[in-house]
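Take a look at the letters that make up each chain.
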Amino acid sequence: MLNNQEIYDAIKTMRREYPDAGTTLYADTHFHFLLAVILSAQSTDQSVNNLTPALFDRFPTPQDLAAAEPVDVEPYIKRLGLYHNKAKYLVNCSRKLVTDFNGKVPRTLKELTSLPGVGRKVANVVMAECFAIPAFPVDTHVSRVARRLAMVPPKATVLAIEKRLREAVPKEKWLDAHHSMIFWGRYRCMAKNPRCNDCPLLPICVTGQQNVI
């Protein structure tokens, strides 16, 4: 397993390769960003961005979406996987925002995860991106990269991965590190056919060393 400095050094290497890594979801308000993050589960950011302009135009506020039914939302998101469930999440999330939070997106992990469709990863993304609250969201890319580079054990849980990365990376760099690992997972260390041959992190990657043998 890598130690703290080795983990941070590896992430700095990722940042050098992708210096502009950042969120690729588009939204004009905190409410709409929350919706976009919910929709991005098991969907690409680009596929979400392709359909959210019409969704956001139709439902500009939590009150507007809270007054709708899932069947009213489905036509706007039906190109996404799991759109039936996601439509329910969006409506029920908006209703809870209106009834419990005066139509405002809350800022704490406990409050955010009380919203339908919002788990720890979504909450961490919203806290970090919308409110600049230090958080280290862990998605499939971050999990894959952390395991392949021996930052964590192969069977580490998402929560264990988050805890380990938070220990190794300075708090003020958590969001940058999150984005750097996502870009690394998207464009370098993909689930299938990772680009191992010219990878600067190959010496610490067990998976990569097996791929180039």
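Scroll up to find the structure.
I will try to describe carefully the structure that is included in this document. (Residues numbered from 1 in each chain as written. Predicted model: local features only at pLDDT ≥ 70, side-chain atom pairs only at ≥ 80, totals over all residues. Heavy atoms only, no water.)

Counting its secondary structure elements, the chain contains 12 helices and zero strands. Its helices and strands in sequence order give the chain the pattern α-α-α-α-α-α-α-α-α-α-α-α, from N to C terminus. The globule rule puts the C-alpha radius of gyration for 213 residues at 17 Å, and the 18 Å found for the chain is close to it. If you line up the chain on its principal axes, its C-alpha atoms span 55 × 30 × 30 Å. Residues counted as buried form 48% of the 213 residues belonging to the chain. For the chain, the share of sequence-separated contacts (at least 6 apart) that also reach a separation of at least 24 residues comes to 61%. Surface accessibility of the chain: about 10,700 Å² in total, with carbon and sulfur atoms responsible for 54%. (Helix = DSSP H or I, 4+ residues; strand = E, 2+ residues; numbered from the N terminus. Rg over C-alpha atoms; globule rule 2.2 N^0.38 Å. Buried < 20%, exposed > 50% of the residue type's maximum accessible area, 1.4 Å probe, protein only. Contact = heavy atoms within 4.5 Å. Areas by Shrake-Rupley, 256 points an atom, 1.4 Å probe, with all protein chains shown as cover.)

A word on the side chain of asparagine 49. Turning to its location among the elements, asparagine 49 is positioned in helix α3 (residues 45-58). In terms of polar contacts, asparagine 49 uses its side chain to reach the backbone carbonyl oxygen of threonine 24, at 2.6 Å. Setting aside residues no more than four positions away along its own chain, asparagine 49 makes contact with Thr24, Leu25 and Tyr26. (Polar contact = N/O pair within 3.5 Å; in protein donor to acceptor, adjacent residues only side chain to side chain.)

This next bit is on the nonpolar core. Soluble globular proteins tend to pack their nonpolar side chains together in the buried interior. Counting residues in each nonpolar core, the largest one holds 38 residues, and the members touching the most others are Leu34, Leu65, Val73 and Val126. Elements with a minimum of two residues in this core: α2 (30-39), α3, α5 (70-77), α6 (83-101) and α8 (120-131). In this view, valine 126 contacts Phe33, Leu34, Val105, Leu112 and Phe131; residues no more than four positions away in its chain are not counted. The next biggest cluster of nonpolar side chains, apart from the first, holds 32 residues, and it includes Leu2, Ile161, Leu165 and Leu201. (Core = buried A, V, L, I, M, F, W, Y, C linked by side-chain atoms within 4.5 Å.)

Turning to its location among the elements, asparagine 92 is positioned in helix α6. Judged by its relative accessible area of 36%, asparagine 92 falls in the partly exposed class. As a C-alpha pair, asparagine 92 and leucine 65 span 27 residues in sequence and 8.8 Å in three-dimensional space.

Along its 14 residues, helix α1 (residues 4-17) runs 20 Å from first to last C-alpha, staying within 8% of the 20 Å computed at 1.5 Å per residue. Buried within α1 are the following residues: Ile7, Tyr8, Ala10, Ile11, Thr13 and Met14. Here the buried face of α1 lies against α9 (140-148), α10 (158-168) and α11 (174-187). Taking the backbone nitrogen of glutamine 5 as reference, a side-chain oxygen 3.1 Å away marks asparagine 3 as the first, capping residue of α1. (Expected span 1.5 Å × (residues − 1).)

Moving on: unusual backbone geometry. With phi around 55°, asparagine 102 is a residue other than glycine that occupies positive phi space. Inspection of the secondary structure puts asparagine 102 in the loop between α6 and α7 (109-112). Although it is not a glycine, alanine 150 sits at a positive phi angle of roughly 60°. With respect to the secondary-structure elements, alanine 150 resides in the loop between α9 and α10.

So, on to the packing of α3 against α5. The geometry of α3 relative to α5 is characterised by a closest axis approach of 9 Å and an angle of 150° between their N-to-C directions. As far as their axial angle goes, α5 and α3 are roughly antiparallel. Each of Leu51, Ala54, Leu55 and Arg58 in α3 lies in contact with α5, whose residues at this interface are Val73, Tyr76 and Ile77. Taken together, the residues of the contact of α3 with α5 sort by class into six nonpolar, no polar and one charged. (Axes fitted to C-alpha atoms, helices over the stretch in contact; angles between N-to-C directions. Parallel < 35°, antiparallel > 145°, perpendicular 65-115°, else oblique. Nonpolar A, V, L, I, M, F, W, Y, C, P; charged D, E, K, R; others polar.)

Along its 14 residues, α3 runs 20 Å from first to last C-alpha, staying within 8% of the 20 Å computed at 1.5 Å per residue. The largest bend in α3 comes to about 45°, at threonine 52, with the proline proline 53 one to four residues further on. Buried within α3 we find Asp45, Val48, Asn49, Leu51, Thr52, Leu55 and Phe56. Taken together, the buried residues of α3 touch α2, α5, α6 and α11. (Bend = angle between axes of the 7 residues up to and from the residue.)

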